[in-house]
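Spelled out, the chains give:
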Amino acid sequence: MLLVTGRGGGTALTGTVFERGEKPPSYAGAPEEDAPYVWICDAFYEVDSGGAALTVDGEEIRVAFEEPAPRGFESRDRAIAAAEEHVRTQFARIGIDPDDVEVEIEETDPGADAGVGRNAV
């Protein structure tokens, strides 16, 4: 599996690309994904009240999370490109220039307890 982490504004968001032969986690309401590569990551957006506190560029904002939605891909390159775009988009939703987001891709052992998403808070 690949962990795709975006960093910007003093915070980070990590999602997971499950590769051929690895089984992505399932949860209530998750669509079935039979693709060889599956990307899963939270999505978030800024809210005026409620949500969770997040410090961005030294200022506290409030964010709400959407349910992670698995997306399937036929190639590793397409899955990684979509993962990078998704991470940059989440930062843009809270006012950080997507070009200022550093993206790191880390290969990890699928047997390890890597976790999925919600690493931004």
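This structure is a prediction, so every number in the text was calculated from the model and none was measured.

Asks: Could you give an account of the pattern of salt bridges, with specific residues and numbers?
Replies: Tallied over the full model, the rule gives five salt bridges. Note that Glu66 is salt-bridged to Arg93, the shortest N-O span being 2.9 Å. With a gap of 27 residues between them, Glu66 in strand β6 (residues 59–66) and Arg93 in the loop between α1 (76–92) and β8 (102–107) connect regions that are remote in the sequence. On the accessibility criterion, Glu66 (31% relative accessible area) is partly exposed. For Arg93, a relative accessible area of 33% puts it in the partly exposed group. One salt bridge connects Glu107 with Arg76, and the closest N-O pair in it is separated by 3.3 Å.

Asks: Talk me through the pairing of strand β1 (residues 2–8); I want residue IDs and the actual numbers.
Replies: A large share of β1 lies buried, amounting to six of its seven residues. As paired strands, β1 and strand β2 (residues 11–18) are joined by seven bridges and run antiparallel to one another. From the neighbouring strand, Leu2 faces β2, where its bridge partner is Val17. The antiparallel hairpin formed by β1 and β2 contains two residues in its connecting segment, where Gly9 sits at a positive phi of about 60°. As paired strands, β1 and β8 are joined by six bridges and run antiparallel to one another. Bridge pairing links Gly6 to Val103 in β8.

Rules used throughout
- Residues numbered from 1 in each chain as written.
- Predicted model: local features only at pLDDT ≥ 70, side-chain atom pairs only at ≥ 80, totals over all residues.
- Heavy atoms only, no water.
- Salt bridge = Lys/Arg side-chain N within 4 Å of Asp/Glu carboxyl O.
- Helix = DSSP H or I, 4+ residues; strand = E, 2+ residues; numbered from the N terminus.
- Buried < 20%, exposed > 50% of the residue type's maximum accessible area, 1.4 Å probe, protein only.
- Pairing = 2+ DSSP bridges.

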